[in-house]
Amino acid sequence: MKIEKAILAVITTNRSIVEGGAPIFVCETRKEAEDISANLEAITDGIAHELSEELFIIVKH
Amino acid sequence: MNEYTMPILFGVIIGTLGRILMLRTDYRQYPTYLHGKVIHVSLGFIAASLGSVAIPAIMELEFTAVTFLTVAATQFREVRNMERNTLTEVDSFELVPRGKTYIEGIAISFESRNYLVIFTSFISTLTFIVFDVYIALIAAIGCLGISMVLMSGKRIKNIVQIEHCPLHFKGAGLYVDNIYIMNIGLPERQDEILKYGLGFVLTPKNINTITTIANLGQRQAILHDVSVTLGVFRDSGTPALTPLIKRDLDDGRIGIFILPQIRNVNKAKKVIGAVPVLESAIRMPSESSFFRWRGDE
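Residues numbered from 1 in each chain as written. Chains lettered and ligands numbered in written order. Predicted model: local features only at pLDDT ≥ 70, side-chain atom pairs only at ≥ 80, totals over all residues. Heavy atoms only, no water.

Chemist: Describe the overall build of chain A, and please don't skip the residues or the numbers.
Modeler: For chain A, the helix and strand inventory stands at one helix and four strands. The linear arrangement of helices and strands in chain A, starting from the amino end, is β-β-α-β-β. Taking 61 residues into account, the globule formula puts the C-alpha radius of gyration at 10 Å, and chain A, at 11 Å, falls close to it. Dimensions of chain A, computed from the C-alpha atoms along their principal axes, are close to 35 × 25 × 15 Å. Across the 61 residues in chain A, those meeting the buried criterion constitute 38%. Look at the contacts in chain A between residues 6 or more apart in sequence, and 38% of them connect residues 24 or more apart. Accessible surface, chain A as shown: approximately 3800 Å² in total, 56% of it carbon and sulfur. Side-chain charges in chain A split into 6 positive and 11 negative, and the spacing between the mean points of these groups amounts to 7 Å. (Helix = DSSP H or I, 4+ residues; strand = E, 2+ residues; numbered from the N terminus. Rg over C-alpha atoms; globule rule 2.2 N^0.38 Å. Buried < 20%, exposed > 50% of the residue type's maximum accessible area, 1.4 Å probe, protein only. Contact = heavy atoms within 4.5 Å. Areas by Shrake-Rupley, 256 points an atom, 1.4 Å probe, with all protein chains shown as cover. Lys, Arg positive; Asp, Glu negative; His and termini not counted. Charge placed at Lys NZ, Arg CZ, Asp CG, Glu CD.)

Chemist: Quick one: what's the story with the packing of aromatic side chains, residue by residue and with numbers?
Modeler: The description of an aromatic ring pair uses the distance of the two centres, along with the angle that the planes make with each other. Residues and elements named next belong to chain B. The tally for this structure, following the rule as stated, stands at four aromatic pairs over all chains. Note on Tyr175 and Tyr180: the rings are 5.5 Å apart at their centroids and 70° apart in plane angle, and the pair reads as edge-to-face. For Tyr175, a relative accessible area of 18% gives the class buried. (Phe/Tyr/Trp six-rings, centres within 6.5 Å; stacked < 30°, edge-to-face > 60°.)

Chemist: So what's going on with the domain arrangement of chain B? Which residues, and what values?
Modeler: Residue and element names in this part refer to chain B. What the domain assignment reports for chain B is domain 1 (5-152) and domain 2 (157-284). Of note, the centres of domain 1 and domain 2, computed from C-alpha atoms alone, are 35 Å apart. Taken together, the contacts link ten residues of domain 1 with 20 residues of domain 2. Of the roughly 1300 Å² buried between domain 1 and domain 2, counting both surfaces, carbon and sulfur atoms make up 60%. The interface formed by domain 1 and domain 2 includes four residue pairs in polar contact (both at pLDDT 80 or more). Considering only residue class, the side of domain 1 that touches domain 2 consists of five nonpolar, two polar and three charged. (Domains from an automatic or database assignment. Buried area = accessible area lost by both parts, 1.4 Å probe. Polar contact = N/O pair within 3.5 Å; in protein donor to acceptor, adjacent residues only side chain to side chain. Nonpolar A, V, L, I, M, F, W, Y, C, P; charged D, E, K, R; others polar.)

Chemist: Give a description of helix α10 (residues 265-273) of chain B that names residues and reports values.
Modeler: Three or more residues of α10 of chain B are buried, namely Ala268, Val271, Ile272 and Gly273 of chain B. For α10 of chain B, the N-terminal cap is Asn264 of chain B; the gap from its side-chain oxygen to the backbone nitrogen of Asn266 of chain B is 3.0 Å.

Okay, structure coming up:
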């Protein structure tokens, strides 16, 4: 089986809600989370998706 | 020079002319390749020769010569493979790919055009030998006309209604009308999409077209044609800026999200309307006996 989509990174302002294998970036503010997501999106050629106010993921499609 | 020289020459010229005319009509599918054109005109010439030679061969009672036509069939199937391979190779470097269904459609039409050329040359030579050059000319023009009609095919505007619907966000979700397209997390990307994007909704006119426009290949063809004609606001490494089409599961409408460089709603509508309906996407559930036979209602 070929996995086509993968979570490359998790960016959060609330450390307690995430756990697991992908790299986790913990930020102080939402603004900081958005900036890091924008950079990671450009670097990894992925898309930044917003799951909740406190949580972004970068997904490779 | 013998009695067949003029009829054969006539058939070959008409057939090759037919191929050149049909190359012009597929400008959208095959832009700008000069060498590609040379290949197809040459193959058209070969097809025309085969069609023209068949009649004199039969008249000389050389019936086995007709088996040459089977060689032609093999040859033109090869044309289809060649087109498919070339376009598939090139497709991975398109900003918005054509998709396999579209490529298959183009390949099929290239094969069938050669058969139309054989048919045109065949009829032209036949009428030239049986009647005279004037009747042959009329028959040839008739054949070319029929070929043009056969090759034109349906367009998207014949099977759906196209409406412009503004894009909007609910949270991070991008919507066209009520159709969910994708999740865009970053506010700056959202602003870009609202600034540069356009949304359209295609409403199918009947049950057959619901399945036809749901076909992923047909949808990709729409995106490709729009992106080629109106330009596309994206680059490699910006997957968030990808034109997409999603479907409303409720009623089969599809929502189109595009990022054209020429942001003109009327032009975009025209371009979407002019996208060919792909042969391999066409479904006709209404032709099924389950719909026509009303025995157990």
